[in-house]
Structures are given as structure tokens and as C-alpha cells.
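Overview (structure and organization)
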Amino acid sequence: MKTRHLVLMLCLFSLLATYSTFAQEEEGPSVLDEVNWFVGPTTGNMRNIAQIDVPTGYVFAEGKDTQKLMEAMQNPLTNAEIGFFAPDNLQWFMVFEYDDSGYVKDDEKDELDANAMLKAIQDGTKAGNKTRRKRGWPELHVEGWYQPPRYNEQTNNLEWATRLFSEGEETI
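Let us look at the structure shown here. (Residues numbered from 1 in each chain as written. Predicted model: local features only at pLDDT ≥ 70, side-chain atom pairs only at ≥ 80, totals over all residues. Heavy atoms only, no water.)

So, the pattern of salt bridges
All told, the structure shown has five salt bridges when counted by the stated rule. A salt bridge links K68 to D65, with the nearest nitrogen and oxygen atoms 3.4 Å apart. Taken together, the positions of K68 and D65, both in helix α3 (residues 63–72) and three residues apart, correspond to about one turn of that helix. A relative accessible area of 36% places K68 in the partly exposed class. For D65, a relative accessible area of 11% puts it in the buried group. A salt bridge links E71 to R135, with the nearest nitrogen and oxygen atoms 2.9 Å apart. Taken as a pair, E71 in helix α3 and R135 in the loop between α4 (114–134) and β9 (140–152) lie far apart in primary sequence, 64 residues in all. (Salt bridge = Lys/Arg side-chain N within 4 Å of Asp/Glu carboxyl O. Helix = DSSP H or I, 4+ residues; strand = E, 2+ residues; numbered from the N terminus. Buried < 20%, exposed > 50% of the residue type's maximum accessible area, 1.4 Å probe, protein only.)

Below, the structure written as C-alpha cells:
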């Protein structure tokens, strides 16, 4: 039996990186003011691909607003961004991306190659650093797994988190 899976990539970043980026903006409205925030309790819609329950004390932004936020935080866009989720103080955040990578056989879920996945992420980040350098942005380095890949039996999703560093500081 084959099951279609959403690949939701989670990226957690530090409060300092978020606030320092927005603090460096020129005078005028902040990108935070330009975002159409969905304030919990509510449901966030990710391009009719997935939904997320946004509890009280949290905020959500849809794909285009997520791209605005990523650009403002000096992150190259993947054009796969479908949602941004964070506590309302923006102490940390998650970015959801969708990759229609096809089907995964249910019997292959226990045969994940974490090393190969990490190498692919690191290679993609190296390529992204070329764009960062051209734009005068600090480079990002993937040092390893914060949470190694695992298949979530309840949601039928592959989940992971990487350890990231930028300018010598861990951004998770």
C-alpha cells in the first residue's frame, strides 16, 4: 500500500536572530506590520494542502507572508513556503514547506537514511550560501541533527530538525 505524505520542514530560529533582523530595518513600517497574522485560537490554512490549529498565544502566517518574513530575515526563498507558526512574542518560529515528492511505501518508513538526508540538506545550504554572499547576508551552516528524521505514525509525516549556525551562533 502506498501513502501520500506531506513533507513539512521545520526550522527553529532564535529570538535574537529574529529581533535583530527586524531592528535593522530602515525607518517606516516593519515587515511584521505588513503580515496578515492569524491570531489564535484559529485554524491556519497552508494552500489547501494542510491545516494547523493555532492556539491562544500563537500566530500563523500563510505562504506569501511567510516568504516576506524569510526575506526580511535574510533567508533565501525556496518557493515551497506554505506557513509560519510562532508564539505571539516570536521567541521562536517554525516554517512549513511543502514538497510533493511523490509516494513513500509504508514498508520503507523504517529504512530512512539520515546521513544521506543530512548530506542533501547540507549541499542545498551550501548552494544557498552563494545567494547569501551575493546579497551580503551571513552564511548559514548545517552542523547536524537537532532531531534526527523520524516517521510520525499518527500524522504519516516525516519530521526532523537541524542544528544551524550563522555567524558562529547556533540558531537551531
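Brief notes about α3
When you tally the buried positions in α3, you get seven out of ten residues, the bulk of the element. Within the sequence span of α3, burial applies to G63, D65, T66, Q67, L69, M70 and A72. Two residues or fewer past α3, Q74 is found with a positive phi of approximately 60°.

Notes on the side chain of S166
With respect to the helices and strands, the residue S166 is situated in strand β10 (residues 157–166). Judged by its relative accessible area of 17%, S166 falls in the buried class. From its side chain, S166 meets the backbone oxygen of E139 in a polar contact 3.2 Å long. (Polar contact = N/O pair within 3.5 Å; in protein donor to acceptor, adjacent residues only side chain to side chain.)

Focus on the pairing of strand β4 (residues 50–54)
Only one face of β4 is covered, namely the face carrying A50, I52 and V54; the face carrying Q51 and D53 is uncovered. When strand β3 (residues 42–46) meets β4, the two strands line up antiparallel, connected through five bridges. When the sheet's bridge partners are listed, N45 is paired in β4 with Q51. Taken together, β3 and the strand that follows it, β4, pair antiparallel across an intervening segment of three residues, in which R47 is found at a positive phi of about 50°. (Pairing = 2+ DSSP bridges.)

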